[in-house]
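Examination of the molecular architecture
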Amino acid sequence: MDTPLGAAAPPTGWQPIWKRSRKPKSIKAKKAEPAKQRKRLKAAGVRRFYGTQSRRPRPWQNRIGSAAARRDARALSRMRHSNAWQW
């Protein structure tokens, strides 16, 4: 174990990927890139749209029940904010 913490030394002739020589892209490959990006962005937009749709609040009860619950809550709120409890 001559390296610290048992790290393996890179093999000889190893170079980081950004230093490697690359063959130039073909014209077809260059033209395909923006099309792929457009497709990817469109799919992301669709996912975002349907993601927000599913998170929209939906009434859990029917309208009559929730109206009654709102009335009760409003009456309780009025009681809480009034000074009726002081006398």
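Computed from a predicted model, the values in this text were never measured in an experiment.

Concerning the overall build of the protein chain
- For the protein chain, the helix and strand inventory stands at two helices and zero strands.
- Relative to its full complement of 87 residues, the protein chain shows a buried share of 3%.
- Carbon and sulfur atoms provide 59% of the accessible area of the protein chain, an area that totals close to 9,400 Å².

Remarks on a nonpolar patch on the surface
- Taken together, the side chains of V46, F49 and Y50 make up a nonpolar region of the molecular surface, amounting to roughly 330 Å² of accessible area.
- Mapping Y50 onto the fold places it in helix α1 (residues 27–55).

Description of the packing of aromatic side chains
- Under the defined criterion, the tally for this structure stands at one aromatic pair.
- Ring plane angle 75 degrees and centroid distance 5.0 Å describe the contact between F49 and Y50, whose orientation is recorded as edge-to-face.

What about the pattern of salt bridges?
- The tally for this structure, following the rule as stated, stands at one salt bridge.
- A salt bridge links E33 to K25; the shortest N-O distance between them is 2.2 Å.
- E33 gets classed as partly exposed once you look at its relative accessible area, which sits at 40%.

Rules behind the numbers
- Residues numbered from 1 in each chain as written.
- Predicted model: local features only at pLDDT ≥ 70, side-chain atom pairs only at ≥ 80, totals over all residues.
- Heavy atoms only, no water.
- Helix = DSSP H or I, 4+ residues; strand = E, 2+ residues; numbered from the N terminus.
- Buried < 20%, exposed > 50% of the residue type's maximum accessible area, 1.4 Å probe, protein only.
- Areas by Shrake-Rupley, 256 points an atom, 1.4 Å probe, with all protein chains shown as cover.
- Patch = residues over 30% accessible without salt bridge, like charges linked within 9 Å, V, L, I, M, F, W, Y side chains within 5 Å.
- Salt bridge = Lys/Arg side-chain N within 4 Å of Asp/Glu carboxyl O.
- Phe/Tyr/Trp six-rings, centres within 6.5 Å; stacked < 30°, edge-to-face > 60°.

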